[in-house]
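# Structural description and commentary
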Amino acid sequence: MSDTTKQLLFVVIMAILLLLVVPIFESRTGKSFTELFFGIRKKKRAASGAQTAAKKEPHINNGSKGELTAFVAQLIRFANKYKLRLVAPGTVEYQGKTARLTSILVAPGGMIGIYCLGYGGEIGPGDRENDPWKQHMNGQDTTFDNPVLVCQDQYKLVASAMEAAGIQGSIKIVTVFTNPRATLHSYPASVYTQKRFMEELKGNTALRSGTLDIEKTALALADLANVKKREQEAAKKRSEQKKSGKRR
């Protein structure tokens, strides 16, 4: 028997076997031979693709103290440039409660209380108006306190403290995400990234024109926020740390 005849016979036998085996596979699995052969490969490819996408997602950290300090430094430079005043921290105290404000900018056209958050990644509101906000970062989804509601509470506290102390002038409270790797989606007008907030301040000429006595107002707010006391405590802590370092 020639080699050609042998090869032809082998092909015929394999074809007959396939005709017999394939129906058995299909009847037992409920899937076609194509699905059995190619479907598994597709699933593996899909899973591999998902893993690759997850690996490609950049690693992001929530904000650091350094980023917050850098932001406050920007506010100080802005205030000095336009002869405004910055009360920092803006931890106004009233009836046993303390405001969670990083600072309060005092300008002739009014005051802005600034509530800072260091969350990074993809950020946006919840499904309903009063729901917690959502954060997607490093492949994980988490939630945090609704900043709009937090600022409403901060406004009530600070406005009440100002009224009790006889401080005149309007104030609004805003949220600023200081993390440069925060991306906001569908955010309300009172919520900013650091960059957008600074741009807003620079373009807000109405804020820099008005009749508010900024020196008097800033001093009164600083008293409510116990700024001097906090500065003294911070200086004492730095001195103790310095002494402790020398001993070592």
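How each quantity is defined
Residues numbered from 1 in each chain as written. Predicted model: local features only at pLDDT ≥ 70, side-chain atom pairs only at ≥ 80, totals over all residues. Heavy atoms only, no water. Pairing = 2+ DSSP bridges. Helix = DSSP H or I, 4+ residues; strand = E, 2+ residues; numbered from the N terminus. Axes fitted to C-alpha atoms, helices over the stretch in contact; angles between N-to-C directions. Expected span 1.5 Å × (residues − 1). Buried < 20%, exposed > 50% of the residue type's maximum accessible area, 1.4 Å probe, protein only. Arc of directions from axis to C-beta. Polar contact = N/O pair within 3.5 Å; in protein donor to acceptor, adjacent residues only side chain to side chain. Contact = heavy atoms within 4.5 Å. Phe/Tyr/Trp six-rings, centres within 6.5 Å; stacked < 30°, edge-to-face > 60°. Lys NZ or Arg CZ within 6 Å of the ring centre and 35° of its normal.

## Some details on the sheet that holds strand S7 (residues 133-137)
Reading across the sheet, the four strands line up as S8-S7-S6-S10 and stay open at both edges, with mixed pairing between neighbours. Of all the strands in the sheet, just strand S8 (140-144) and strand S10 (182-184) have a single pairing partner and so form its edges. For this sheet, the mean angle separating the axes of adjacent strands, direction not counted, is 25°. The pairing of strand S6 (residues 121-124) with S10 spans three bridges and is parallel. Its bridge partner being in S10, Glu122 is matched across the sheet by Thr183.

## Focus on the sheet that holds strand S9 (residues 171-177)
One open sheet holds the five strands; their spatial order is S1-S4-S5-S9-S11, and the pairing between them is mixed. Among the strands making up the open sheet, the edge pair consists of strand S1 (85-87) and strand S11 (191-193). Pairwise comparison of adjacent strand axes, ignoring direction, gives a mean angle of 30° for this sheet. Strand direction decides the pairing type here: strand S5 (residues 110-117) and S9, joined by seven bridges, are parallel. Each bridged residue has a counterpart across the sheet, and for Leu117 the counterpart in S9 is Phe177.

## Quick notes on helix H4 (residues 147-165)
Because each turn of an α-helix spans 3.6 residues, side chains separated by three or four positions end up pointing in the same direction. With 19 residues, H4 should cover 27 Å at 1.5 Å per step; its first-to-last C-alpha distance of 26 Å lies within 8% of that length. Within the sequence span of H4, burial applies to Pro147, Val150, Cys151, Gln154, Leu157, Val158, Ala161 and Met162. For H4, the arc enclosing every buried residue in end-on projection is 130°, short of the 170-degree limit, so these residues lie on one face. With respect to the buried face of H4, the exposed residues turned more than 90 degrees away are Lys156, Glu163 and Ala164. Between a side-chain oxygen at the N-terminus of H4 and the backbone nitrogen of Val148 the separation is 2.9 Å; the capping residue is Asn146.

## Observations regarding the side chain of Thr91
As for its placement among the helices and strands, Thr91 is situated in the loop between S1 and strand S2 (93-94). On the accessibility criterion, Thr91 (13% relative accessible area) is buried. A polar contact is formed between the side chain of Thr91 and the backbone oxygen of Ala225, at a distance of 3.4 Å. In contact with Thr91, other than residues within four places in its own chain, are Thr98, Ala99, Leu101, Leu224, Ala225 and Arg230.

## Comments concerning the packing of aromatic side chains
In the structure shown here, the tally under the stated rule is seven aromatic pairs. The interplanar angle of 15° and the centroid separation of 6.5 Å between the aromatic rings of Trp133 and Phe177 together place this pair among those described as stacked. On the criterion of sequence distance, the pair formed by Trp133 in strand S7 and Phe177 in strand S9 is long-range, its members being 44 residues apart. Clustering of aromatic rings is evident, with ring pairs tying together Tyr119, Trp133, Phe144 and Phe177. Across from the ring centre of Tyr82, 4.1 Å away, lies the NZ or CZ of Arg208, which sits over that ring.

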